[in-house]
Number of protein chains: 4
Amino acid sequence: MAGNTFGKNFTVTTWGESHGPAIGAVIDGCPAGLSLSEEDIQPMLDRRHGTDGTNSRQEKDNVKILSGVLEGKTLGTPISLLIGNTDAHSSDYDDLKEVYRPGHADYTYDVKYGIRDWRGGGRSSGRETASRIAAGAVAIKILNELGITISSQTTRNNELPASGDSVGGSVEISVKGMPAGIGEPVFEKLDAELSKGIMSIGAVKAVEIGCGAKVASMTGSTCNDGFILASTESLPEEDSLRKEEILTNAGKAGSHYITKKTNHAGGILGGISDGDEIILRAFFKPTPSISSKQQTVDAFGHETEIEISGRHDSCIAQKGAVAAEAMTALTIVDLLFENMHSKMSAVSDFYK
Amino acid sequence: MAGNTFGKNFTVTTWGESHGPAIGAVIDGCPAGLSLSEEDIQPMLDRRHGTDGTNSRQEKDNVKILSGVLEGKTLGTPISLLIGNTDAHSSDYDDLKEVYRPGHADYTYDVKYGIRDWRGGGRSSGRETASRIAAGAVAIKILNELGITISSQTTRNNELPASGDSVGGSVEISVKGMPAGIGEPVFEKLDAELSKGIMSIGAVKAVEIGCGAKVASMTGSTCNDGFILASTESLPEEDSLRKEEILTNAGKAGSHYITKKTNHAGGILGGISDGDEIILRAFFKPTPSISSKQQTVDAFGHETEIEISGRHDSCIAQKGAVAAEAMTALTIVDLLFENMHSKMSAVSDFYK
Amino acid sequence: MAGNTFGKNFTVTTWGESHGPAIGAVIDGCPAGLSLSEEDIQPMLDRRHGTDGTNSRQEKDNVKILSGVLEGKTLGTPISLLIGNTDAHSSDYDDLKEVYRPGHADYTYDVKYGIRDWRGGGRSSGRETASRIAAGAVAIKILNELGITISSQTTRNNELPASGDSVGGSVEISVKGMPAGIGEPVFEKLDAELSKGIMSIGAVKAVEIGCGAKVASMTGSTCNDGFILASTESLPEEDSLRKEEILTNAGKAGSHYITKKTNHAGGILGGISDGDEIILRAFFKPTPSISSKQQTVDAFGHETEIEISGRHDSCIAQKGAVAAEAMTALTIVDLLFENMHSKMSAVSDFYK
Amino acid sequence: MAGNTFGKNFTVTTWGESHGPAIGAVIDGCPAGLSLSEEDIQPMLDRRHGTDGTNSRQEKDNVKILSGVLEGKTLGTPISLLIGNTDAHSSDYDDLKEVYRPGHADYTYDVKYGIRDWRGGGRSSGRETASRIAAGAVAIKILNELGITISSQTTRNNELPASGDSVGGSVEISVKGMPAGIGEPVFEKLDAELSKGIMSIGAVKAVEIGCGAKVASMTGSTCNDGFILASTESLPEEDSLRKEEILTNAGKAGSHYITKKTNHAGGILGGISDGDEIILRAFFKPTPSISSKQQTVDAFGHETEIEISGRHDSCIAQKGAVAAEAMTALTIVDLLFENMHSKMSAVSDFYK
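This text gives an overview of the structure that appears in the document. All values reported here derive from a predicted model rather than from experimental measurement.

### Observations regarding the interface of chain A and chain B
How big an interface is tends to be stated in terms of accessible area lost as the parts join.
Thinking step 1. Each partner contributes residues to the interface: chain A has 108 residues there, and chain B has 107 residues.
Thinking step 2. Contact between chain A and chain B buries roughly 8,600 Å² in total, counting both sides, with carbon and sulfur atoms accounting for 59%.
Thinking step 3. The tally of links between chain A and chain B comes to four salt bridges.
Thinking step 4. K112 of chain A is the partner of E184 of chain B in a salt bridge, and the nearest nitrogen-oxygen pair spans 3.0 Å.
Thinking step 5. Where chain A meets chain B, there are 47 residue pairs in polar contact (both at pLDDT 80 or more).
Thinking step 6. By residue class, the composition of the side of chain A that touches chain B is 46 nonpolar, 38 polar and 24 charged.

### Observations regarding the sheet that holds strand β2 (residues 11-15) of chain C
Think of a sheet as strands paired side by side through backbone hydrogen bonds, with each pair either parallel or antiparallel.
All names here are of chain C.
Thinking step 1. With antiparallel pairing, the five strands of this open sheet are ordered in space as β1-β2-β3-β7-β4. Pairing within the sheet leaves two strands with one partner each, and these edge strands are β1 (5-6) and β4 (63-65).
Thinking step 2. Both β2 and strand β3 (residues 22-28) contribute to a ladder of five bridges, which runs antiparallel. Residue pairing across strands places V12 opposite I27, the latter belonging to β3.
Thinking step 3. Contacting β4 and β7 (79-84), helix α1 (residues 38-49) runs over the sheet at an angle of about 155° to β4.

### So, helix α8 (residues 344-351) of chain D
Thinking step 1. Within α8 of chain D, burial applies to M344, A346, V347, S348 and Y351 of chain D.
Thinking step 2. Contacts made by the buried residues of α8 of chain D are with α3 (128-145), α7 (317-338) and α8 (344-351) of chain A.

### Comments concerning the pairing of strand β7 (residues 79-84) of chain D
Residue and element names in this part refer to chain D.
Thinking step 1. Taken across its six residues, β7 has five buried, putting it largely inside the fold.
Thinking step 2. The sheet contact formed by strand β3 (residues 22-28) and β7 spans six bridges and is antiparallel. In the strand pairing of β7, I27 is matched with I79.
Thinking step 3. Both strand β4 (residues 63-65) and β7 contribute to a ladder of three bridges, which runs antiparallel. When the sheet's bridge partners are listed, I65 is paired in β7 with L81.

### As for the pattern of salt bridges
Proximity of charged atoms lets side chains of opposite charge pair with each other.
Thinking step 1. Scanning the model with the defined rule gives 76 salt bridges over all chains in all.
Thinking step 2. Between R101 of chain A and D106 of chain A there is a salt bridge; the shortest N-O distance is 2.8 Å.
Thinking step 3. For R281 of chain B, the salt bridge is made with E208 of chain B, and the minimal N-O distance between the two is 2.3 Å. Of the two residues, R281 of chain B is situated in strand β15 (residues 278-284) and E208 of chain B in strand β10 (residues 204-209); the sequence distance between them amounts to 73 residues.
Thinking step 4. In this structure R281 of chain B comes out as buried when scored by relative accessible area, which is 17%.

Quick notes on the rules
Residues numbered from 1 in each chain as written. Chains lettered and ligands numbered in written order. Predicted model: local features only at pLDDT ≥ 70, side-chain atom pairs only at ≥ 80, totals over all residues. Heavy atoms only, no water. Contact = heavy atoms within 4.5 Å. Buried area = accessible area lost by both parts, 1.4 Å probe. Salt bridge = Lys/Arg side-chain N within 4 Å of Asp/Glu carboxyl O. Polar contact = N/O pair within 3.5 Å; in protein donor to acceptor, adjacent residues only side chain to side chain. Nonpolar A, V, L, I, M, F, W, Y, C, P; charged D, E, K, R; others polar. Pairing = 2+ DSSP bridges. Helix = DSSP H or I, 4+ residues; strand = E, 2+ residues; numbered from the N terminus. Axes fitted to C-alpha atoms, helices over the stretch in contact; angles between N-to-C directions. Buried < 20%, exposed > 50% of the residue type's maximum accessible area, 1.4 Å probe, protein only.

Listed below in structure tokens is the structure:
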């Protein structure tokens, strides 16, 4: 495909330009019988929208479910999600119609397509993430049913930008309650698919798993996580749901389960989850839309200067954290389904 | 798929266990009429094999082309590549049959599949990279035909490991001669697909594009790369082939072309190549196989200790660099093909 | 995916239940720069809707383009198409909520999903074809730009059904102006992909290419189509656009081109188009919704009888013809794009 | 992909030219823990090879498993199958190097690729089916474990071809023990995927499901299969394994199960299996290689005549039946896996 679909078993196709009539997503492969309503999705869109003053676009993103749900339950058919574009100020962009904004995709879209929607960044706008976040909320609903939770912590580096400037930031994602055995070896490793998902968020320029880049300066004896046995009694309260799974996975160990004394690996070994907490980090560049003067070139090949007005977050990472949670959830649900036919005994049990 | 195929238009499927009779790869989607012989592939396998003393496995990997080539030209049909396993010392692994090596995939494979090939790591062995490197050499051949070149530089962090220990390292990949416009927006961004490809190499724990993690502590005014016009006269000699393309892309600029005064973005804007050098970095963990004693657990759920003998590189990054070049090439070729139908005018020109 | 997406390069994802708020389709991979508006799509929906009295559902299907088009040109981004459900009479289906209609998917959906939308057949309704027809109209627009045209002829077998009964029918599709070389060998043969597309239309139970089932009773000497040379002068007027292509394909033959003296093959040899007219046939079962009394079983496992009221076509094949044209167009566009990187020389020409 | 891979969850990639050193297949997605050896595959290759005098190529096709199996059990990793080409008589084809054989893919390959392997048909040879049959044997092994069996019956139409001529034929495939609920609605219907698989076999020109083309001349009241209840006591002996599944599917019916009084649908309703026998038919054209004189054109654009010598089956349908069984098995296994995550309750049960 031309890149607007994510996933193989639980797929999301997003569509829409920032200042068109609407944006949206279609989920295919959501299992039937999941409780789902707009109330499950709206809070995550509200988190993206922000209440911390970073977003000056006032519209609230209201999501509508157009298909795939009947009387509060998913049907197993595609779930079409629609979000109207109600607060687009296209005129803010009139001056930018034929100028290439630094740090943006204006130039590359023009080269690739020979045409671009200049209104608010069009398809390359950060607004697209609302679609994937809406779909991600459905994935999170599925994960929660299975006792898997995702959280994130944002670090806004360089706290105080000068006037008219912006700052970068980073996000750490944690996944708890993850069963061991998830991820396909070789090319569709759990960490490889997570990296793709996270790096597909507009402003991300680096992704780390576990200790990340630090591993390059470690030695094997410090980096390796030794396996140990732990008593199921010692499991944290929130992992009580995991006990049964843990015991199943490592049944040979009786009332103990196999775990690692450290987690430098970030919960992934050989591309497959090891049952430990999954830890990954995303690094976001500063918002490229800044109001201070910048040197650039226009579509006619003339050098020029640009000052970008309009409403822009001073740091993308806050919204980015919500998008990163969504991509993490979408990736994990996809691989959870894939894993269901890894063993012949599981297939036989299902169809017996 | 269950993860052993990479790519959509130029696909590679690898197969084989470290100590089985052979390993190999099948390429589907290689265009017809490319000059190709085993001599195009062998040097890259030799680079992986190493002549710097890091590899104590003595076998040389000889590749055979079993299909898809006739009289030195590709046929457009699948190219099957076979590499024999001639120097496997399975008995080295007898003691490891039922013990989970720290930092390895033994435990996760056992959980996922209920069975694993314990001989030399089986499918999870670094040996698998020989298959993808062989396929990558074909991708590089295609790129070279188009004037695109890939190089890498390895940094072996922590130069001197203690006896019985290993060290991590990092690799920087550079792609020169890249046309602008490559990469699909949203989920199949060039950087997203590169990240997936690079992170799918066994020991990689972090991937960076351009300035990478540093962007998180930059401001917009320093991170944004301003667009400028440059005279085609000033193009470096090695880019002379690019001139025509550059002029085409930015034809409106007359004898000048559009470029950026800096390249913090690493040659990718909005997921699409901008015509600049592509720069990415991969961070490799230390070789997990170390001979010093380690704490672990066996498959019966008993705590135990392990000392890993056998032949192992003290730093994976050297071989990893070759694998990273291969994955970069495979990703780019795949997206070069995808891009050919981005514009209706290109489709019309092709079929007129 | 779970089956709601068709194609690889030009993909269509359809969504929506018959009596939900709307149905729709998302096209990904449409090239940028194609002239497109709702007026290009609406006529094909109107043809489906019918003016021949076979359809008693009165709503007209009005399509809206929600994304991917700016000022009458496609942007290269996803095209979201929306069709409201304005004339749904769900109450007609109250009695059918827990009864399995013979010839319908009620029972199989219930087994597969444990839940189903009983209102008008839900997702399994023939109404879904409106979505794929809307997307197919875009594919036809592309084909027409390339000089390729699709037409169909419907045969309504058993012309006069008894009161309360329905009849089957067949459709013959013809594709003219098709370039040679389209279709991928082995599993993605042009005829294989066409068969999948056509057979995915609800009521189709057989597909034929060229002479179809008759080939089984032919001999090689009568079935083989001998190759001949024809003067480009003798080309039918409507094929004048093809001349250039034909000469290119068979340039060695001077002012003549290579063709076949007969076309038993239906324009496809070895899964690849041969430049001749493509001919295929689809056979539709009678509309399963009939008003005469039928024996069946309900969801509680009781035998019962059913009389289906409501508004139903007496013959599906008329609407089916429009759907078959759409699926043919979607298949061919997808493979036209795929073919663009079959030769290294074509790739080199594109990127030189 | 460029068409040499089949399936999504259980994928098969075939490779190899008829007169190259070998042909083969790589299976990805075979569950771990299946008993498998070359003895499971060889008999199906022997059936293809034929003992009925239709095949004059003397080589026996010996398959070797190069990966994915350890000590008689599948590992969950790719299974690489290799079949040597030991009896290739390339010199038989010297005269055909630059002549387009009627009914063959010589001309279309030349147009598409600008190059072709003229030795024995190269990639377009019927020999490719040996690869897919080998992979199909693995799929059949999986089906048999689940109590699903496939059989076929070949009708050789026009029994006695004239000397130097060939005849067509048809094959009917039956699948017994099929669970209900298999197949994805809309585009990946069970019948759509089966049609693609069957039509991808070289000489097939028509595919039918259930009553096939006859439905076009039926009425709804005769074509619809009424649902009935049957006592599980009355199940045929060979379906005893199905009883539990049947009762589960239709548990509400107590000791009875839901079935149909007729099976015009061929076991598929709305693209989903209904638990009944699956019936499909494939129609094969006569072997295009005939020794009697034929009119044709050469690659230089000259009209010429051709007499094809060498060893050719007089009827393809016998070998075709084995290929059709293989494609049926590959399709069904793929969709059986897909179905495992159709219900949220199944996902929850798996991961609880």
